Amino acid sequence: MNTQKAPSRQPSAMHVNQFTATKVLALGAVGLLLYVAHAAFIPIALALLFALILSGPVEALHRFRVPRSLSAAVILIVVLASMAGVGDLMWEPAQQWFKSAPQTVRVIKRKLAPAAKFIGNIEALRENASVIGAMTQASAGPVAATVAADKSPALLWAATREALVSTLTFVIITLFLLAGGPPMLARMTAAFVDDLNSAHVLDIIEKVRREVGRFYVMTAVINVGLGCATAGAMMLCGMPTPYLWGILAAVLNFIPYAGSTTTLIVLTLVAFVTFDGIGQVLAVAGSYVALAALEGQLIQPLFVGRGLSVNPLLIFLALWFGGLFWGIAGVILATPALVALKVVAENAIRGKAVLEFLGPNDQRPEGKRALGRLLRPVLQDRQG
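Residues numbered from 1 in each chain as written. Predicted model: local features only at pLDDT ≥ 70, side-chain atom pairs only at ≥ 80, totals over all residues. Heavy atoms only, no water.

**Q** Looking at this model, I keep getting lost on the overall build of the protein. Mind explaining?
**A** Scanning the protein from terminus to terminus reveals 14 helices and 0 strands. When the helices and strands of the protein are listed from N to C terminus, the series reads α-α-α-α-α-α-α-α-α-α-α-α-α-α. Across the 384 residues of the protein, 28% fall into the buried class. Restricting to contacts in the protein with at least 6 residues of sequence separation, those with at least 24 account for 69%. (Helix = DSSP H or I, 4+ residues; strand = E, 2+ residues; numbered from the N terminus. Buried < 20%, exposed > 50% of the residue type's maximum accessible area, 1.4 Å probe, protein only. Contact = heavy atoms within 4.5 Å.)

**Q** Would you mind going over the pattern of salt bridges with me for this structure?
**A** Think of it this way: side chains of opposite charge can pair up when their charged atoms draw near. Taken as a whole and judged by the stated rule, the model has 3 salt bridges. In this structure, the salt-bridge partner of R209 is E206, at a minimum N-O distance of 2.1 Å. You can see R209 and its partner E206 sitting in helix α7 (residues 195–237), 3 residues apart, about one turn around the helix. With respect to burial, R209 and E206 carry one shared label: buried. Where R214 meets E211, a salt bridge forms, and the shortest distance between an N and an O atom there is 3.1 Å. Of this pair, R214 and E211 are both found in helix α7, 3 residues apart, which corresponds to roughly one turn of the helix. (Salt bridge = Lys/Arg side-chain N within 4 Å of Asp/Glu carboxyl O.)

**Q** Where do I start with unusual backbone geometry in this structure?
**A** Most peptide bonds are trans, and most residues other than glycine sit at a negative phi. Notably, R65 is not glycine yet its phi reads approximately 65 degrees, a positive angle. Relative to the helices and strands, R65 is located in the loop between α2 (38–63) and α3 (68–99). The phi angle at Y257 is positive, at roughly 65 degrees, despite the residue not being glycine. Here Y257 lies in the loop between α8 (242–252) and α9 (258–274).

**Q** Looking at this structure, I do not really get the packing of aromatic side chains. What am I missing?
**A** Here the distance between the centres and the angle between the planes together describe a pair of aromatic rings. This structure, assessed with the given rule, holds 2 aromatic pairs. Relative to F170, the ring of F50 lies with its centre 5.0 Å away and its plane at 85 degrees, an arrangement referred to as edge-to-face. Residue F50 is found in helix α2, and its partner F170 is found in helix α6 (residues 122–192); the two are separated by 120 residues along the sequence. Each member of the pair, F50 as well as F170, carries the same accessibility label: buried. Pairing F215 with Y216 gives two aromatic rings, centres 5.0 Å apart and planes at 80 degrees, and the pair type is edge-to-face. With respect to burial, F215 and Y216 carry one shared label: buried. (Phe/Tyr/Trp six-rings, centres within 6.5 Å; stacked < 30°, edge-to-face > 60°.)

This is the structure in structure tokens:
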């Protein structure tokens, strides 16, 4: 009788380590490629985001027998025109604030004079630094000015050309993605996966498109409401150009945590420069804090839901690494990338671990938490 054991088919520890090392190297290579070739990938990533957000209205018009290409062109033109209108609306008051920057600095310096005297020798340090800076500019000023004058037209032309090429690439890719719609997704999916998995992959892509689009449409509506409420509060507080701060609050609120914090800092500084009394400054800051808390703790969970909520630590890390790799575009793309990844994990066969990693710390609904607090004494008595 042969008692020899069959060879084990489980992978050895060496093979597992090699596979893990291969995945780490592949992720590192992808990260390096995204960092080095950011000028090529940023317009594509932004186009994918806009296509996800605008695909819902395009498909809605397509149900009324409007061709996808026509509806995509009309919706994209309307969105770009609206963005240009918002930028034009903000341009004039922003220019006024930039022109009054020297006077603003003098006002801040005057109001901070008591604190500067209390701290001590800050003015002396500033004068020494200015003297050293003047000496440095006197020694290297003509050469530096000549070099800057020679390079400025070339740098301006290069920056303008890069911006035009990126904008044109973004518009063309967005238009193609919107005009193609689900049929194009089906063809592209079938080219990379087999027939058995193509339907499942296409279903996941369709859910990502639908969920991310719905999420950002609702977020846009909420942010517009927050901007209108902020403009009204700033008008009641007597702030100059209140609609400018409303638009700023609405735009920056698309960036979680960092956007509302930046808006609060800007409003507080403007109020500090504008008003003489500390009460008005506190009114401006307090009114925005109340509106932001109402939006983040009540309105956002009520209308958007907590189904797509992500761990705040991961959002902060995504914002940090997105800004480090791709600048402002990386900050814009960080949150939708996490939301899309969570939707994929919810519908993937082996996505449970990723879903638990991305989810918030306490994923139970608020009603279950309250019910658990009420029933905890009863359960403890029964166990006793």
